[in-house]
Amino acid sequence: MDRKVPAHVAIILDGNGRWAKAKGMPRSYGHMKGCANLESICDDVKELGIRYLTVYAFSTENWKRSREEVEGLMKLFRSYLKRCIKISDRNKMRVKVIGDISGFDPDIQESIHILEEHSKEYTELYFQIALNYGSRDEILRGVRRIACEAAEGALSPEAIDETVFERYLDTAGVPDPDLLIRTSGELRLSNFLLWQLAYSEFYFTEVPWPAFDRQELEKALEVYQMRDRRYGGIKEGS
Ligand code: FPP
């Protein structure tokens, strides 16, 4: 059997709140454990030979949560972005934040720049963290840049094909995900990588994000390995 490991895995991190509630704990506890899990999953992903990992950590819609929860998440991002320097060294991992980071406080934007700059030469794992990310927003930001360049005469409308368009997305240069995982039972994309997931395999699990450990990841990979991957009718490898 083909035991091919997906090159790129994307994960919608969902269920921190419900996981915490089931334990009689506040939502903030779930986010804290979710954050710790993100650290260990990077190690697992690297060991399993996956080359690209993209996680959905904060959407453009998440600002609508209570002020207390949003402030708690910002605090968590502040400490995580600093700790992530060590994780990037440990895994020789390049980190890139996708999304509109101008929505964050200046110190968070600065931490993002420091982390991206620190890790930019690493090539063993490419880790994209989606923060203040929404796929429609990403596409619109790209379209605006394309329109400006076309208006200035720097880009000809006839030259805009899929390859050119992808260069204007936050994920420019990164291959599309082979496998999308969503934890905690919801069966939606929630505005995540709508363009990039066009041909990806989907794996949904009831397991909430803080409990999604290496064993669960390996289960997802096994299901992926049993699927026939088809790109518009041609079976991969045939
Ligand atoms: C979804 O659970 C989770 C989030 C909206 C936040 C994700 C954040 C983390 C995993 C924390 C760490 C991330 C970084 C990058 C430091 P939920 O709150 O929607 O859970 P629920 O659906 O059970 O309410």
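So, how was this worked out
Residues numbered from 1 in each chain as written. Predicted model: local features only at pLDDT ≥ 70, side-chain atom pairs only at ≥ 80, totals over all residues. Heavy atoms only, no water. Near = heavy atom within 4 Å. Polar contact = N/O pair within 3.5 Å; in protein donor to acceptor, adjacent residues only side chain to side chain. Areas by Shrake-Rupley, 256 points an atom, 1.4 Å probe, with all protein chains shown as cover. Helix = DSSP H or I, 4+ residues; strand = E, 2+ residues; numbered from the N terminus. Nonpolar A, V, L, I, M, F, W, Y, C, P; charged D, E, K, R; others polar. Expected span 1.5 Å × (residues − 1). Buried < 20%, exposed > 50% of the residue type's maximum accessible area, 1.4 Å probe, protein only. Arc of directions from axis to C-beta. Salt bridge = Lys/Arg side-chain N within 4 Å of Asp/Glu carboxyl O.

A. Inspection of the site of the ligand at higher detail. As a matter of local geometry, the ligand sits amid 19 residues, with Asp-14, Gly-17, Arg-18, Arg-27 and Arg-65 nearest to it. Between an oxygen atom of the ligand and a side-chain N or O atom of Asp-14, the distance comes to 3.0 Å. Note that an oxygen atom of the ligand is positioned 3.3 Å from one of the backbone N or O atoms of Gly-15. Calculation on the ligand without its partners gives an accessible area of 610 Å², and the protein chains cover 93% of this total. Per element, the largest residue contribution to the shell around the ligand is five residues, and it comes from helix α2 (residues 27–47). The residue makeup of the shell around the ligand, split by class, is nine nonpolar, six polar and four charged.

B. Expanded view of helix α5 (residues 135–151). Between its terminal C-alpha atoms α5 stretches 24 Å, which fits the 24 Å expected from 17 residues at 1.5 Å a residue. Along α5, the positions that sit buried rather than exposed are Ser-135, Glu-138, Arg-141, Gly-142 and Ile-146. On an axial view of α5, the arc spanned by its buried residues comes to 135°, and they lie on one face. Across α5 from its buried face, at more than 90 degrees, point the exposed residues Arg-136, Arg-144 and Ala-151.

C. Summary view of the pattern of salt bridges. Tallied over the entire structure, the rule returns 21 salt bridges. A salt bridge links Arg-27 to Glu-69; its shortest N-O distance comes to 2.9 Å. Taken together, the residues Arg-27 in helix α2 and Glu-69 in helix α3 (residues 67–91) connect sequence positions 42 residues apart. The residue Arg-78 makes a salt bridge to Asp-105 at a minimum N-O spacing of 3.1 Å.

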